[in-house]
Amino acid sequence: MLKIWGRTNSVNVKKVLWCADELGLAYERQDAGMQFGVVNEPWYREMNPNGLVPTIDDDGLILWESNAIVRYLAAQYGSGTLWPADPGRRADSDKWMDWTTSTLAGPYRDVFWGLVRTPPEKRDTAQIEAACGKGNELLAIVDAALKGRGFLGGEQFSIGDIPLGCFAYAWYEMPIERPAMRNLDAWYRRLCERPAYRKHVMLPLS
Ligand SMILES: N[C@@H](CCC(=O)N[C@@H](CS)C(=O)NCC(=O)O)C(=O)O
């Protein structure tokens, strides 16, 4: 059976758990990372030399890097659904996975760590506000891309929605200024209707 290592409050683990549930996969999850340790155990480092979560073992295939795991699970178990069959349509969705990691993750991290994982007296308010402004600027790109489509890859929910959907939940939950963005807001509401999103992503931020 598919095995997943990682604590449930990690944004990168959420991607994998949400994806597995969307695909209807049976899996076994083991807590790892932060207060749970495990990631520095020699046997874990053998699987994932980065000492980070998530890691999966799918019938002997050991894999780390959350986006690669989502792509693998979707390709293996969700061809035609989460993994669009047409290469062009797939790439159109897939690019948002890279964009989320390479472009949005920086400002997101500054806001999330600043507000959720730093005590008020230690917060760098200027840095949080600047990152918040940058994040909203970047999300306006997504808002424009969602014009006339239900999901990032088109009318059907697919891989591209997963990393951004995990970041979006925290963005909408944090006490920050968010200009109304019609298409992005509607997309987020659509995600909130999905049982697997509610189960794995919509958890109290910690
Ligand atoms: N690029 C990696 C990043 C993995 C990563 O940074 N994971 C964090 C959690 S989101 C981690 O393992 N932090 C240390 C810990 O939990 O002990 C991925 O997408 O899987």
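Scroll up for the structure.
All of these numbers come straight from a predicted model, not from anything done at the bench.

Draft legend 1. The arrangement of the overall build of the protein in detail. A count of helices and strands for the protein gives 8 helices and 4 strands. Along the protein, helices (α) and strands (β) appear in the sequence β-α-β-α-β-β-α-α-α-α-α-α when read from the amino end. Taken against the 2.2 N^0.38 rule, which gives 17 Å for 206 residues, the C-alpha radius of gyration of the protein at 17 Å falls within 12% of a compact globule. For the protein, the spread of C-alpha atoms along the three principal axes comes to 45 × 45 × 25 Å. By residue count, 50% of the 206 residues in the protein fall in the buried class. In the protein, 68% of the contacts between residues at least 6 apart in sequence involve partners at least 24 apart. Put simply, the protein has 24 plus and 26 minus side-chain charges, and the middle of one group is 3 Å from the middle of the other.

Draft legend 2. Molecular detail of the packing of aromatic side chains. Within the structure shown, the criterion is met by 12 aromatic pairs. With centroids separated by 6.3 Å and ring planes inclined at 55°, the aromatic side chains of W5 and W43 adopt a geometry described as tilted. Of this pair, W5 sits in strand β1 (residues 2-5) while W43 sits in helix α2 (residues 42-47), and the two are 38 residues apart along the sequence. For W5, a relative accessible area of 5% corresponds to the buried category. A relative accessible area of 41% places W43 in the partly exposed class.

Draft legend 3. The sheet that holds strand β2 (residues 27-30), seen in detail. Here 4 strands make up an open sheet; going across it, the order is β2-β1-β3-β4 and the pairing mixed. Two strands close off the open sheet at either side, each with one partner strand: β2 and β4 (61-64). Across this sheet, the average inter-strand angle for adjacent strands is 15°, counted without regard to direction. Against the sheet, helix α1 (residues 11-22) engages β1, β2 and β3 (55-58), with an angle of about 155° to β1. The strands that helix α3 (residues 66-77) touches are β1, β3 and β4; relative to β4, the one it contacts most, it runs at about 135°.

Criteria and thresholds
Residue numbers here run from 1 along each chain, matching the order of that chain's written sequence. For this predicted model, a pLDDT threshold of at least 70 governs which residues receive local features, and a threshold of 80 or more governs which side-chain atom pairs are given and counted, while totals over whole chains, interfaces and linings are taken from all residues. By convention in this description, side-chain values take in all heavy atoms of the structure and omit both hydrogens and water. Secondary structure elements are taken from DSSP: a helix is a run of H or I of four residues or more, a strand is a run of E of two residues or more, and numbering for both begins at the N terminus. Every radius of gyration here is taken over C-alpha atoms, with the globule rule written as 2.2 Å times N^0.38, N being the number of residues. Each residue gets one of three labels from its accessible area relative to the maximum for its type: buried under 20%, exposed over 50%, partly exposed in between, using a 1.4 Å probe on protein chains only. Working rule for contacts: check all heavy atoms of both residues, and any pair within 4.5 Å makes them a contact. None of His or the chain ends enter the tally, which takes Lys and Arg as positive and Asp and Glu as negative. Where a charge lies is defined by one atom per residue type: Lys uses NZ, Arg uses CZ, Asp uses CG and Glu uses CD. Pairing of aromatic side chains requires ring centres within 6.5 Å, counting the rings of Phe and Tyr and the six-membered ring of Trp. Pairs whose planes differ by under 30 degrees are stacked, by over 60 edge-to-face, and all others tilted. Strand pairing is defined by DSSP finding a minimum of two bridges between the two strands. Only the stretch in contact is used when fitting a helix axis, every axis being a line fitted to C-alpha atoms; angles between N-to-C directions are given from 0 to 180 degrees.

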